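Letter by letter, the chains look like this.
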Amino acid sequence: MSEKPYAIIVEDDPKLSTVFQMTLQQAGYDTALDLNGDKYRSLLDSAEPALVILDLHLPYAFGGDILDDIRARYPRTVIAVVTADIVKAKNLTEKADHILMKPVSVTTLLQLAESVKRTL
Amino acid sequence: MQTGILFARLVALVLDNVSLYASAVREIAERERAQALLQESEVRFRQIVENASDIIYRTDIKGRFTYANPAALNMMGFKSEEEVLGKSYLDLTTPEARHKLKRTYDRQALGRIKNTYYEFPAVTMNGEIIWVGQNVQLIMEGDRIIGFQALARNITQLRQAQEALLLARDQALEASRFKSQLVSRVSHELRTPLGGILGFAELLQHETFGPLTERQNDAITNIVESANYLTDTVNDLLDQAQVESKSISLHNAYFDLSDLIEKISTNMSVLADKKGLEFHTEIDSNLPAELYGDENRLQQIIVNLAGNAIKFTRQGSVRVRIAASAPARWSLEVRDTGVGIPEEERINIFEPFRQLSNSITRENRGSGLGLAIVKQLVELMGGEISLQSEVGQGSTFTVTLPLIHAPGE
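Residues numbered from 1 in each chain as written. Chains lettered and ligands numbered in written order. Predicted model: local features only at pLDDT ≥ 70, side-chain atom pairs only at ≥ 80, totals over all residues. Heavy atoms only, no water.

**Things to note about the confidence of the model for chain B**
- Averaged over all residues, the pLDDT of chain B is 88; the fraction at 70 or higher stands at 96%.
- Scored as a complex, the prediction yields pTM 0.57 and ipTM 0.89. (pLDDT = per-residue confidence, 0-100.)

Here's what the structure looks like:
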């Protein structure tokens, strides 16, 4: 097993998911991607993620439900909701560790990734 | 002698009768005069009633017409008074309105209510529906109600104008809601591609794709700055849409005032430095260290005001001062040594999309929403904002807010 921390990105926009993946890889993470909201369960099976970047509006699932799933399975995983939907995001402020409004700056994401790494 | 007495009595009797006769004649004349006056008065009042442009009519206790003036006959399309006499007022309304109309006047009679006002649709002889507004009084004979008398008016045009006004108001509200939804939707749709632009540009800037030449680095810095500017505009538009649709709400909690000011100061000092301006902050020691409120929205207010101050100041300083003000209130003041705001422009300065004329330049462009959002946020917090300014000397924006506590404290 790799020494690197593991991060899952659940984001349906291919360009944004590339940005998130490259940023987290630059921060020293192993990353896995779910573009539709239908693969995250099998990705969770492979290892406990230190960080999940989670979009809310996905083709096959609602990010809020995915958040509940991850929380039930891995309570220590840091979940950052990344969304453009300010209304839905407000309802998740209690459950998510971070709410980041799109567009998310790479610098902000790098800082978050670094701070998660320090807690491991 | 006896003849003399007899004569005297006779004379007295004649004189008495003459006086009686004179008084009877006087009485008759007076009566005739009173009757003539009465007749004259009745003619006068009848003339007033008959020539009135308002509708005047009377009914008996069962609501059957006993009198209708020409204006009433004319409005309802009757050719003569005979056509209407004996008809019930209920025959002259629409079937849908009949029940309520009857209930209104049954209640007036039962409750012995002297005067009522009611509006209802009436159907004329031509089948046209008109709206009538009428004052109805009870006609009393001693204690007994013997009928109703009404003073009414055709209010069809007034009703139509009111309905048109209500319709226009509903349409305006609907248009405003639609605009807010559109702005909200558009700004939402802009955020994802903006994330792509900003993300890839920043990755390039971090040299994720390899080292950059100076010119490449400059170009990417421009992309990042433009994307950030666009992000701010989208955020402003979304805030304005939320404020307008009243869907914005405050998330109040206790927060550390010096932490907030330090955070703001770090960002604002960078902007001020770039323009060679001094940036100062000051917190009144009389204020509690922790305040209760929406920290993010307060930060937005201060950043907007201080950001504007930096934008419109070429030399000198920008100062942010937080102080205790009137009892149970606190104020935040942003003072600059900038261009100032002419008096005629101050009135519109807090309106959305308003900017000072001749002020939009390459350095200080903006959506024109910042101050409008600030004002609306301040009002949402129960506060006020004011402005003192002198052209060429600078401006001071002062926000006064209530010192509040968590519910239950």
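Still more ground to cover, so stick around.
**Re the sheet that holds strand β4 (residues 129–141) of chain B**
All names here are of chain B.
- The sheet built from 5 strands is open, its strands ordered β2-β1-β5-β4-β3 with antiparallel pairing. Of all the strands in the sheet, just β2 (65–68) and β3 (115–123) have a single pairing partner and so form its edges. Going from strand to strand, the sheet's axes swing by 25 degrees on average, the running direction of each strand aside.
- Bridge count for strand β1 (residues 55–60) against strand β5 (residues 144–154) is 6 bridges, and the pairing is antiparallel. Residue pairing for β5: Ile56 is matched across the bridge by Leu151.
- Against the sheet, helix α4 (residues 95–110) engages β3, β4 and β5, with an angle of about 160 degrees to β3. (Pairing = 2+ DSSP bridges. Helix = DSSP H or I, 4+ residues; strand = E, 2+ residues; numbered from the N terminus. Axes fitted to C-alpha atoms, helices over the stretch in contact; angles between N-to-C directions. Contact = heavy atoms within 4.5 Å.)

**Let's talk about helix α1 (residues 14–26) of chain A**
- With 13 residues, α1 of chain A extends 18 Å from end C-alpha to end C-alpha; this agrees with the ideal 18 Å at 1.5 Å per step.
- Turning to α1 of chain A, its buried residues are Leu16, Ser17, Val19, Phe20, Gln21, Met22, Thr23 and Leu24 of chain A.
- Buried-residue contacts for α1 of chain A involve β1 (6–10), β2 (30–34), β3 (51–54), β4 (78–83) and α5 (106–119) of chain A together with α5 (156–205) of chain B.
- Its side-chain oxygen at 3.1 Å from the backbone nitrogen of Lys15 of chain A, Asp13 of chain A defines the N-terminal cap of α1 of chain A. (Expected span 1.5 Å × (residues − 1). Buried < 20%, exposed > 50% of the residue type's maximum accessible area, 1.4 Å probe, protein only. Polar contact = N/O pair within 3.5 Å; in protein donor to acceptor, adjacent residues only side chain to side chain.)

**So, unusual backbone geometry**
- Of note, the amide linkage connecting Lys102 of chain A to Pro103 of chain A takes the cis form, showing an omega dihedral of 0 degrees.
- A positive phi is found at Ala328 of chain B, a non-glycine position, where the angle reads about 60 degrees.
- Inspection of the secondary structure assignment puts Ala328 of chain B in the loop between β9 (317–324) and β10 (329–336).
- Overall, Ala328 of chain B belongs to the exposed group, its relative accessible area being 53%.

**Examining helix α7 (residues 257–274) of chain B**
All names here are of chain B.
- Between its first and last C-alpha, α7 extends 26 Å over 18 residues, near the 26 Å set by a 1.5 Å rise per residue.
- A maximum bend of about 25 degrees is found in α7 at Met268.
- Residues of α7 that are buried include every one of Leu257, Leu260, Ile261, Ile264, Ser265, Met268 and Ala272, and no others.
- Looking at the buried residues of α7, the elements they touch are β6 (253–256), β7 (278–283), β8 (290–293), α8 (295–311) and β9.
- Looking one or two residues past α7, Gly276 carries a phi angle of roughly 70 degrees, positive in sign. (Bend = angle between axes of the 7 residues up to and from the residue.)

**With respect to the interface of chain A and chain B**
- Each side of the interface is counted separately: chain A has 20 residues, and chain B has 19 residues.
- Together chain A and chain B conceal approximately 1700 Å² of surface at their shared face, both sides included; 68% is due to carbon and sulfur atoms.
- Per-residue buried area on chain A facing chain B is highest for Met22, Lys90 and Pro103 of chain A; these three make up 31% of the total on that side.
- On the surface where chain A and chain B come into contact, there are 5 residue pairs in polar contact (both at pLDDT 80 or more).
- Sorting the residues of the side of chain A that touches chain B by element identifies α1, α4 (86–90) and α5 of chain A as the ones contributing at least two each.
- Sort the elements by how many residues they give to the side of chain A that touches chain B and α1 of chain A lands first, with 7 residues.
- For the side of chain A that touches chain B, the residue count by class is 10 nonpolar, 5 polar and 5 charged. (Buried area = accessible area lost by both parts, 1.4 Å probe. Nonpolar A, V, L, I, M, F, W, Y, C, P; charged D, E, K, R; others polar.)

**A few points about the pattern of salt bridges**
- Following the criterion strictly, the structure yields 22 salt bridges over all chains and no others.
- Where Glu119 of chain B meets Arg159 of chain B, a salt bridge forms, and the shortest distance between an N and an O atom there is 2.8 Å. Here Arg159 of chain B lies in helix α5 and Glu119 of chain B lies in strand β3, a separation of 40 residues in the sequence.
- A network of salt bridges, in which partner residues are shared, links Glu11, Asp55 and Lys102 of chain A. (Salt bridge = Lys/Arg side-chain N within 4 Å of Asp/Glu carboxyl O.)

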